[in-house]
Amino acid sequence: MRLILVLAALPTLVWAAPAADLASLEREAAGLIPAFQQQLMQTVKQAVAEGGPVQAVQACHLLAPTIAAEHSQQPWTVGRTALRLRNPDNQPDAWERQVLEDFLQRQSAGEALTQMSASAVVDGEFRYMQAIATGEPCLACHGQAIKAEVATQIEQHYPDDRASGFSLGELRGAFTLRRTLAEATP
Ligand code: HEC
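Starting afresh in each chain, residues are numbered from 1 along the sequence in its written order. Only residues with pLDDT of at least 70 are given local features in this predicted model, and only at 80 or more are side-chain atom pairs given and counted; all residues enter the totals for whole chains, interfaces and linings. Working from all heavy atoms in the structure, the side-chain values ignore hydrogens and water.

**Q** For this particular structure, what's the right way to read the coordination of the iron atom of the ligand?
**A** Around a metal, the idealised angle for a tetrahedral arrangement of four donor atoms is 109.5 degrees; for an octahedral arrangement of six donor atoms it is 90 or 180 degrees. Coordination here is defined by N, O and S atoms within 2.8 Å of the metal (3.2 Å for Na, K and Ca), and since water is not considered, a site can look incomplete. Just one protein atom donates to the iron atom of the ligand; it is His 142 (NE2), sitting 2.1 Å from the metal. Strands are runs of DSSP state E lasting at least two residues, helices are runs of H or I lasting at least four, and both sets are numbered from the N terminus onward. Within the element layout of this structure, His 142 appears in helix 3 (residues 139–142).

Structure (structure tokens):
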């Protein structure tokens, strides 16, 4: 009886520490997203208010990569990715693609996109993703009825654009964060 108890406790002892670390990394990653998201939203909103959606496409084109770089503070790298892309620089890698496909499946199984996330350690890096749903303000540039002048602007900057035709509530993409765990390996 005692032996069984010891054996049953063993996996807990072995995994308790890394599990706690991963949970705190998840919280840290999730905590970086709101400020990044807010700055993206504010930039688009301000550009729409100043010059309409055509101007906003330009602003997004110019500023989105800079905003991501600004929010990538050591040791974290912050960005966005999707299965259907506008900016080819946001291309998902194998792990990100798998997670995005899982997000779609989880959504069709009834899970809400809000708060949908995934994490893993891949090649010595901690990776974290959080789903992004298509909201009402996104439709002007990612929806099914994009104004002709906006569509022209998008086409100019992104000749291979695949990020139009979305409907409200559909998975648009995900925030994706990574950091090395190099210091943790002996
Ligand atoms: C004014 C037009 C405009 C609006 C409104 C807009 N976007 Fe975008 N979106 C863009 C442009 C331009 C890019 C490419 C910018 C980049 O990441 O380099 C982009 C890129 C993205 C990406 C990165 C993946 C990719 O396809 O390259 C995601 C995710 C995204 N948008 C989600 C949203 C969501 C969610 C909303 C609504 C909250 C939204 N967008 C509203 C124009 C817009």
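**Q** What is the right way to look at the pairing of strand 4 (residues 171–180) in this model?
**A** Remember that side chains alternate between the two faces of the sheet whenever the strand is regular. The element strand 4 is largely enclosed, with a buried count of eight among its ten residues. Strands qualify as paired when DSSP identifies two bridges or more between them. Note: strand 1 (residues 77–81) against strand 4, five bridges, orientation antiparallel. Among the inter-strand pairings, Val 78 is bridged to a residue of strand 4, identified as Leu 177. Buried residues are those whose accessible area, probed at 1.4 Å on protein chains only, stays under 20% of the maximum for their type, while exposed residues exceed 50% and partly exposed ones sit between those limits.

**Q** How should I be thinking about unusual backbone geometry in this particular structure?
**A** Comment: phi is negative for the bulk of residues other than glycine, and the bulk of peptide bonds are trans. The linkage connecting Gln 74 with the following residue, Pro 75, adopts the cis geometry, with an omega of 0°. Its place among the elements puts Pro 75 in the loop between helix 1 (2–70) and strand 1. Positive phi values are uncommon outside glycine, yet Gln 115 reaches one of about 75°. Turning to its location among the elements, Gln 115 is positioned in the loop between helix 2 (94–108) and strand 2 (117–122). Backbone geometry at Asp 123 places phi at a positive 50°, although glycine is not the residue there. Along the chain, Asp 123 turns up in the loop between strand 2 and strand 3 (125–133).

**Q** Can you walk me through the site of the ligand in this structure?
**A** It suffices for a single heavy atom of a residue to lie within 4 Å of a molecule or strand for the residue to be listed as near it. Neighbouring residues of the ligand: 23 residues in total, closest Asn 87, Cys 138, Cys 141, His 142 and Arg 172. Within 3.5 Å is the distance limit for a polar contact, defined as a pair of N or O atoms, with the added protein rule that one can donate a hydrogen and the other accept it, and that residues adjacent in sequence qualify only through two side-chain atoms. One of the side-chain nitrogen or oxygen atoms of Asn 90 is found 2.8 Å away from an oxygen atom of the ligand. Of all the secondary structure elements, the ones that give two or more residues to the shell around the ligand are helix 1, strand 3 and helix 3. The element best represented in the shell around the ligand is helix 1, accounting for eight residues.

**Q** What's the story with the sheet that holds strand 3 in this structure? I'm lost.
**A** Consider a sheet: its strands pair through backbone hydrogen bonds, and that pairing is either parallel or antiparallel. One open sheet holds the four strands; their spatial order is 1-4-3-2, and the pairing between them is antiparallel. At either end of the open sheet lies a strand with only one pairing partner, and these are strand 1 and strand 2. Here the average twist between neighbouring strands, direction ignored, is 20°. Whether two residues are in contact is decided by their heavy atoms: any pair within 4.5 Å suffices. Lines fitted to the C-alpha atoms define the axes, with helices restricted to the stretch that makes contact. Angles between their N-to-C directions range from 0 to 180 degrees. In the packing of helix 2 onto the sheet, contacts are made with strand 1, strand 2, strand 3 and strand 4, and the angle to strand 3 comes to roughly 40°.

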